[in-house]
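Overview (structure and organization)
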Amino acid sequence: MITETFEEVAQFSKEDINSLLSHILPILHKEPLLASLPKTPLLFVGDTHGDWEATKTLLARYWDSPTTFVFLGDYVDRGPHQIENINLLFKLKTKTPNRLVLLRGNHEIPSINRYYGFYDEIQTHLGNLMKGYWDTFAHLPLAAISQDFKIFAVHGGIPEGLDQIDEINHLPREVEPEHPVTFQLLWNDPKETLKGFTASMRGGRARNFGLDVTTAFMNRNNIDLIVRAHEVFHHGFHEFFDGRILSLFSCRNYQGPIAGKALYINPNGDRELTPI
Ligand SMILES: [Mn+2]
């Protein structure tokens, strides 16, 4: 029963977490940075930011079916149960690595954790464990591809300078992402009415990207849909570029209530937005 894992994670000691981090690292290390999704039903989940009730609700709803879960990153910072949220996902990844894919978000980065809360949560409640989390974050996959459903999944968006998506497998595994392609996969945003790539309000090396570069990327990589997260939408989702991109937000509170959504893909490839 998956609820037993929920209860186990809620009781974790510092020693349990140290053990978990030592077990997950070799599993992630041998998996590629571009995850290949199996031909099963898929559930895509957007930012959860410590809303482990949302995470548990979605896991419990689909766990007893042959669904593969694709979490799109941003598990920690900001929300009320960041530690339980990330530990639950890491625990399930170690127990059943083929059941879930945990993409890296821009909040699975040391400089961001120091600013937005996860570092303080860990230091306050558990002491010196951050290196273990940060080493693990560096091994999370940066994107996922479903060849069967022609879906590309990523936390932020398409980056400038990425021609073929399997080039993602050659990116370095960096604790603090410096490679411009890695950085942009985690940080970029689509913008209607824009052409090409332009500077982003998010600063740094983040970019906004337009319909033209999105269409070109999808055509040369044989993609029908890009699923991403990274932006707050109060109905839990937003479509960009005539439905070429679906943005998901799956936590239920973020500076006010959110009607969080996840995306379920059934075996025929039909899409269904599921409330949390
Ligand atoms: Mn984000």
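See the structure shown above.
Parameters at a glance
Residues numbered from 1 in each chain as written. Predicted model: local features only at pLDDT ≥ 70, side-chain atom pairs only at ≥ 80, totals over all residues. Heavy atoms only, no water. Axes fitted to C-alpha atoms, helices over the stretch in contact; angles between N-to-C directions. Helix = DSSP H or I, 4+ residues; strand = E, 2+ residues; numbered from the N terminus. Parallel < 35°, antiparallel > 145°, perpendicular 65-115°, else oblique. Left-handed = near helix turned anticlockwise from the far one by under 90°. Contact = heavy atoms within 4.5 Å. Nonpolar A, V, L, I, M, F, W, Y, C, P; charged D, E, K, R; others polar. Buried < 20%, exposed > 50% of the residue type's maximum accessible area, 1.4 Å probe, protein only. Pairing = 2+ DSSP bridges. Core = buried A, V, L, I, M, F, W, Y, C linked by side-chain atoms within 4.5 Å. Donors = N, O, S within 2.8 Å, 3.2 Å for Na, K, Ca; no water.

**Structural notes on the packing of helix H4 (residues 82–95) against helix H7 (residues 130–137)**
Where H4 contacts H7, the axes come no closer than 13 Å and their chain directions differ by 55 degrees. Here H7 runs oblique to H4, going by the angle between their axes. The way H4 lies across H7 gives a crossing that is left-handed. Two secondary-structure elements touch here, H4 through Ile83, Ile86, Asn87 and Phe90 and H7 through Tyr133, Thr136 and Phe137.

**Here we look at the packing of helix H3 (residues 52–62) against H4**
Closest axis-to-axis distance for the H3/H4 pair is 8 Å, and the angle between their directions is 30 degrees. Here H3 is positioned roughly parallel relative to H4, judged by the angle of their axes. The handedness of the crossing between H3 and H4 comes out as left-handed. Of the residues in H4, those in contact with Trp52, Thr55, Lys56 and Leu59 of H3 are Glu84, Asn85, Leu88, Leu89 and Leu92. Here the contact of H3 with H4 is built from residues that sort into five nonpolar, two polar and two charged.

**Overview of the side chain of Thr182**
If you trace the backbone, Thr182 turns up in helix H8 (residues 180–187). Overall, Thr182 belongs to the buried group, its relative accessible area being 1%. For Thr182, the residues in contact, after removing those within four places along its chain, are Leu142, Leu171, Glu174 and Pro177.

**Thoughts on the pairing of strand E6 (residues 151–154)**
On a regular strand, one side chain projects to one face of the sheet and the next to the other, so that they alternate. Taking every second residue as pointing to the same face, both faces of E6 are buried, with Ile151 and Ala153 on one and Phe152 and Val154 on the other. Bridge count between strand E5 (residues 143–146) and E6: four bridges; the pairing is antiparallel. If you follow Ile145 over to E6, its bridge partner there is Phe152. The loop that links E5 with its antiparallel partner E6 comprises four residues; one of these, Lys150, has a positive phi angle of about 55 degrees. Two elements, E6 and strand E10 (residues 225–228), share three bridges in a ladder whose sense is parallel. What sits directly across from Ala153, in E10, is Val227.

**Quick notes on the pairing of strand E11 (residues 237–240)**
Here E11 runs beside strand E12 (residues 245–248); their pairing, made up of four bridges, is antiparallel. Its bridge partner lying in E12, Phe237 is registered against Leu248.

**Some words on the nonpolar core**
One broad rule of soluble globular proteins: the nonpolar side chains tend to lie buried together. Within the largest apolar cluster, 39 residues are counted, with the highest numbers of intra-cluster contacts made by Leu59, Phe71, Phe90, Phe118, Tyr133 and Phe137. Residue contributions to this core peak at six residues, all from H4. Apart from residues lying up to four places away in sequence, Phe137 is in contact with Val76, Ile86, Phe90, Arg104, Glu108, Ile109, Asn113 and Phe118. Ranked by size, the runner-up nonpolar core spans 30 residues in total, among them Ile158, Val213, Ile226 and Phe241.

**Here's the deal with the coordination of the manganese ion**
Note on the manganese ion: its protein donors are Asp74 (OD), Asn106 (OD1), His155 (NE2) and His230 (ND1). The metal-donor distances range over 2.1 to 2.3 Å. One chain supplies every donor to the manganese ion, and in sequence these donors are spaced D-x31-N-x48-H-x74-H. Of the two residues, Asp74 sits in the loop between strand E3 (68–71) and H4 while His230 sits in the loop between E10 and E11, which places them 156 residues apart along the sequence. For the pair Asp74 and His230, one class covers both residues: buried.

**Considerations on unusual backbone geometry**
At Lys150, a residue that is not glycine, the phi angle is positive and equals roughly 55 degrees. On the secondary structure map, Lys150 appears in the loop between E5 and E6. A relative accessible area of 29% means that Lys150 is categorised as partly exposed. Positive phi, close to 55 degrees, is recorded for Asp242, a residue that is not glycine. The topology assignment puts Asp242 in the loop between E11 and E12. Under the relative-accessibility criterion, Asp242 is labelled exposed at 77%.

**Things to note about the sheet that holds strand E14 (residues 271–275)**
What the five strands build is an open sheet, ordered E4-E3-E2-E13-E14; its pairing is mixed. Single-partner strands in this sheet number two, and they are strand E4 (100–102) and E14. Going from strand to strand, the sheet's axes swing by 20 degrees on average, the running direction of each strand aside.

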